[in-house]
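For reference, the chains in residue letters:
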Amino acid sequence: MPEKIGGKTFYAPGEYPGDDDISPEELEKIKAGFAAWNARRDAVPPEKRKHLRDRFGDEDKLGTDEEAAYLAEVEERKKRGEYWG
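Residues numbered from 1 in each chain as written. Predicted model: local features only at pLDDT ≥ 70, side-chain atom pairs only at ≥ 80, totals over all residues. Heavy atoms only, no water.

Focus: the overall build of the protein chain
Within the protein chain, the regular secondary structure consists of two helices and two strands. The helix and strand sequence of the protein chain, counted from the amino end, reads β-β-α-α. Relative to its 85 residues, the protein chain shows a buried fraction of 7%. Within the protein chain, counting contacts between residues at least 6 apart in sequence, those at least 24 apart form 24% of the total. With an accessible surface of roughly 7500 Å², the protein chain has 54% of that area assigned to carbon and sulfur atoms. (Helix = DSSP H or I, 4+ residues; strand = E, 2+ residues; numbered from the N terminus. Buried < 20%, exposed > 50% of the residue type's maximum accessible area, 1.4 Å probe, protein only. Contact = heavy atoms within 4.5 Å. Areas by Shrake-Rupley, 256 points an atom, 1.4 Å probe, with all protein chains shown as cover.)

Examining the pattern of salt bridges
Tallied over the entire structure, the rule returns four salt bridges. Arg41 is the partner of Asp42 in a salt bridge, and the nearest nitrogen-oxygen pair spans 3.4 Å. Owing to a relative accessible area of 49%, Asp42 belongs among the partly exposed residues under this scheme. Overall, the relative accessible area of 42% leaves Arg41 in the partly exposed class. For Glu76, the salt bridge is made with Lys79, and the minimal N-O distance between the two is 3.7 Å. Taken together, the residues span about one helical turn, with Glu76 and Lys79 both in helix α2 (residues 67-80) at a distance of three residues. (Salt bridge = Lys/Arg side-chain N within 4 Å of Asp/Glu carboxyl O.)

In C-alpha cells form, the structure reads like this:
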C-alpha cells in the first residue's frame, strides 16, 4: 500500500504501477556506482566544496505541509549569511 508523507507518495519495492523489480546483479552495480561517487565526493577537501542551491533538494518541501517551516529556516539562514539561493 503506498504511503503518503508530506504530500508525496512512497511505494514499497514492487508496488509501483508497471514497476519491474531489478535483479540483484543490477542492484549491486547501482550500489557500486553510488559508492564510487561518494568516495570521489568525500575526497574533496571541505574548503574546495561548493554549496548547491536549495533548488537541488530543499525546495521539494514547497507545496507540502512542511513549506512554512522550510521558508522560516531559509529566512534564518539568510540572516546568518548561509543562503545562496
